[in-house]
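Take a look at the letters that make up each chain.
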Amino acid sequence: MSIDPKASSVGIASIGLQLPPLAMQVEELARLRGQEPAKYTIGLGCREMALCSDECGVVELAVGAAKRALDRWHGDLDDIGLIAVGTETAVDMSRPLSAWVADGLGLRGAVRSYEVKHACYGGTLALRQAVEWKLAGAVDPRSDKRAALVIAADVALYAEGDPGEPTQGAGAVALVIDDARVASVDPVSFPWSEPAFDFWRPVGEAYPRVDGAFSLDCYKRAAQHCFRAMVGDRDPNAAIDGLAAICFHVPFPKMVKKAVAQVGEGFGWDAERVAQIFDQKVDPTMHWNRLCGNAYTASLWISVANALRGLSVGDRVAAFSYGSGFGAELLMLGAGPDAAAGAWAADVEADLGQRALVDAEAYSSLRAS
Ligand code: HMG
């Protein structure tokens, strides 16, 4: 498929990440809940769950990531004409999280500002809208409002003792959408949605309700549809071999492994071929996810930020987004000239270097506060 040169020049110009100041190893949670640690570490593939504090919640994560992305970008705050925040950690039923972030940044004026909700898919939708906003020519050519600021930020908490508890996490990724210095975003993508109650949070309830096994089936089915559509009538081996990395929404790493197996099965691959693709192109992208847990909307973009580091110009990356409810979309990215240096890794290194590990007792106090 040939891509319009104008389209291939639009994409991610800068990335910033922010992780919270606390974390707990899942073995500690296993101790607290009387579970075998291997259930969490091997059964789910989890390692550490990032935790927020009184001082750092979803707003601080989103603002922190946005400041870092803007500092790294060659434009100014005055050039931002759109701010969209994908989140399912809304702090108000009316006022969008983007208003809190704009407050934190000092962003106001001729700016479109809004929040996007579709479970973990909200950040991807915000990014798609920002790319389409730029490509559609909706920007007044007489203004300097040429770039969009997209943020995916969430704090994932389950009820204490819920089977989802070991998959908890938090984090934020901010992406400036402008020229594709970090990565181009193909205008064509591959969505799939089905109305379902796999994971949802009724208004007024603090924690999600989950139909666990069903949610796994929905995720796997969505992945199979999206990858099949992306491959089309091409040879799946050639289509997948042509990718430098394949990133997924990571509710927990074992979910991604199961999805790769299902996608591979659809392509007629044997277990050895599935394992080869998973080990070479998928597993390495989840390194940061294992250290922060499920950050809902930010989860896929944490994986993408990790995968882009070190890539050469033109290297192709697939990004599979899934949000319960459910909606999914497979995006195709191409590495830009700033991908190789991967400057945003400094954000993760700084946050991991400073964060404190809490034990089970401190975690219980934190939950009680
Ligand atoms: P569970 O009760 O822990 O499930 O809940 P389980 O008993 O089936 O155990 C899990 C795995 O541990 C199994 O492995 C066991 O065999 C294994 P599998 O057979 O599936 O490969 N196991 C052990 N392994 C080693 N040593 C042991 C041991 N014991 C057991 N001793 C569940 C698991 C995922 C359902 C739960 O964590 C949950 O409800 N999570 C939340 C929902 C979720 O993450 N769903 C994923 C798809 S939906 C999604 O991604 C959207 C989401 O991000 C939200 C959004 O969009 O906003 C969640």
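Each chain has its residues counted from 1, running along the sequence as written. pLDDT decides what is reported in this predicted model: residues at 70 or higher carry local features, side-chain atom pairs at 80 or more are listed and counted, and totals for whole chains, interfaces and linings draw on all residues regardless. Think of the side-chain values as coming from all heavy atoms in the structure, minus any hydrogens and water.

Draft legend 1. Just the pattern of salt bridges, in detail. Definition used for salt bridges: Asp or Glu carboxyl oxygen within 4 Å of a side-chain nitrogen of Lys or Arg. All told, the structure shown has 23 salt bridges when counted by the stated rule. Measuring nitrogen to oxygen at the nearest pair gives 3.7 Å for the salt bridge that ties Asp-103 to Arg-95. Its relative accessible area of 52% is what places Asp-103 among the exposed residues. For Arg-273, the salt bridge goes to Asp-241, with nearest N and O atoms at 3.0 Å. Of this pair, Arg-273 sits in helix α10 (residues 271-282) while Asp-241 sits in helix α8 (residues 236-241); the two residues are 32 residues apart in sequence, bridging distant segments of the chain. A single network of salt bridges, built from pairs that share partners, joins Arg-33, Glu-160, Glu-165 and Arg-367. Residue burial is assigned from relative accessible area. The probe radius is 1.4 Å, only protein chains are included, and a residue is buried under 20% of its type maximum, exposed over 50%, and partly exposed in between. The secondary structure listing takes helices from DSSP runs of H or I that are at least 4 residues long and strands from runs of E that are at least 2 residues long, numbered from the N terminus.

Draft legend 2. Representation of the environment of Arg-95 within the structure. Among the structural elements, Arg-95 can be located in the loop between β4 (80-86) and α5 (97-105). Taking the C-alpha atoms as reference, Arg-95 lies 34 Å from Leu-308; in sequence the two are 213 residues apart.

Draft legend 3. Region of the structure containing the site of the ligand. If a single non-hydrogen atom of a residue is within 4 Å of a molecule or strand, that residue counts as near it. Around the ligand sit 28 residues, and of these Glu-88, Cys-120, Ser-215, His-249 and Lys-258 come closest. Measuring from an oxygen atom of the ligand, one finds a backbone N or O atom of Pro-163 at 2.9 Å. In the model, an oxygen atom of the ligand is placed 2.6 Å from a nitrogen or oxygen of the Lys-258 side chain. Here the ligand loses 72% of its free accessible area of 1,100 Å² to cover by the protein chains. Where the shell around the ligand is concerned, the elements lending two or more residues are α3 (37-43), α7 (212-231), α9 (253-266) and β13 (316-323). Throughout this description, a polar contact denotes any pair of N or O atoms lying within 3.5 Å of each other; where both atoms belong to protein, one of them has to be capable of donating a hydrogen while the other can accept it, and for residues adjacent in sequence the pair is counted only when both atoms sit in side chains. The protein chains shown are the only cover counted for residues, whose accessible areas, like all others here, come from Shrake-Rupley with a 1.4 Å probe.

Draft legend 4. Molecular detail of the domain arrangement of the protein chain. Here the bounds of each domain stem from an automatic or database domain assignment. For the protein chain, the domain assignment lists domain 1 (5-181 + 345-368) and domain 2 (190-335). The gap between the C-alpha centroids of domain 1 and domain 2 is 18 Å. Contact definition: two residues touch when any of their heavy atoms are within 4.5 Å. Contacts between the two partners involve 47 residues from domain 1 and, on the opposite side, 36 residues from domain 2. Summed over both partners, the accessible surface that disappears when two parts come together, traced with a 1.4 Å probe, is what is meant by buried area. Between domain 1 and domain 2 lies a buried interface of about 3,300 Å² when both sides are counted; carbon and sulfur atoms form 64% of it. Sorting the residues of domain 1 by area buried against domain 2 places Cys-120, Tyr-121 and Tyr-158 first, and these three jointly supply 17% of that buried surface. For the salt bridge of Glu-329 with Arg-128, the shortest nitrogen-to-oxygen distance reads 3.7 Å.

Draft legend 5. Local environment of the sheet that holds strand β3 (residues 48-51). Following DSSP output, two strands are said to pair if at least two bridges run between them. Overall, mixed pairing links the three strands, which are arranged β3-β2-β15 in an open sheet. Each of the sheet's edge strands pairs with one partner strand only, and the pair in question is β3 and β15 (356-357). Here strand β2 (residues 22-25) runs beside β3; their pairing, made up of four bridges, is antiparallel. Among the inter-strand pairings, Leu-22 is bridged to a residue of β3, identified as Leu-51.

Draft legend 6. Focus on the packing of aromatic side chains. Under the pairing criterion, centres of Phe, Tyr and Trp rings, with the six-membered ring standing for Trp, must be within 6.5 Å; the plane angle then separates stacked pairs below 30 degrees from edge-to-face pairs above 60, leaving the rest tilted. Applying the stated criterion to the full structure yields ten aromatic pairs. With a centroid separation of 6.2 Å and 75° between ring planes, the pair formed by Tyr-158 and Phe-199 is classed as edge-to-face. Separated by 41 residues along the polypeptide, Tyr-158 in the loop between β6 (147-156) and β7 (169-179) and Phe-199 in strand β10 (residues 199-200) bring together distant segments of the chain. With a relative accessible area of 7%, Tyr-158 lands in the buried category. For Phe-199, a relative accessible area of 12% gives the class buried. A ring pair is formed by Phe-227 and Phe-320, whose centres lie 6.2 Å apart and whose planes are at 40°; its orientation type is tilted. Of this pair, Phe-227 sits in helix α7 while Phe-320 sits in strand β13, placing them 93 residues apart in sequence. Residue class for Phe-320 comes out buried when judged on its relative accessible area of 0%.

Draft legend 7. Quick look at unusual backbone geometry. With an omega of -15°, the peptide bond between Gly-325 and Phe-326 qualifies as cis. In this fold, Phe-326 is placed in the loop between β13 and β14 (327-335).

Draft legend 8. Geometry of the nonpolar core. Only buried residues count toward a nonpolar core. Its members are Ala, Val, Leu, Ile, Met, Phe, Trp, Tyr and Cys residues joined through side-chain atoms within 4.5 Å. Counting 49 residues, the largest nonpolar core has Phe-227, Phe-248 and Phe-320 as the members making the most contacts within it. Among the elements that take part in this core, α7 stands out by supplying nine residues, more than any other. Looking at this core, you find at least three residues from each of domain 1 (5-181 + 345-368) and domain 2 (190-335). Not counting residues within four places of it along the chain, the set of residues in contact with Phe-248 comprises Tyr-219, Phe-227, Val-256, Ala-259, Val-260, Val-282, Leu-300, Ser-303 and Phe-320. Core analysis: the next-biggest nonpolar cluster, separate from the first, contains 47 residues, Ile-15, Leu-19, Leu-331 and Trp-344 among them.

Draft legend 9. Expanded view of the environment of Asp-186. Residue position: Asp-186 is located in the loop between β8 (183-185) and β9 (190-193). Measuring from C-alpha to C-alpha, the distance between Asp-186 and Met-332 comes to 5.5 Å, with 146 residues separating the pair along the chain.

Draft legend 10. Seen up close, the side chain of Arg-367. Examined against the element boundaries, Arg-367 turns out to sit in helix α14 (residues 360-368). By relative accessible area, Arg-367 is classed as buried at 12%. A distance of 3.1 Å separates the side chain of Arg-367 from the side chain of Tyr-207, its partner in a polar contact. If we ignore the near neighbours within four places in the chain, the residues touching Arg-367 are Leu-157, Tyr-158, Ala-159, Glu-160, Glu-165, Gln-168 and Tyr-207.

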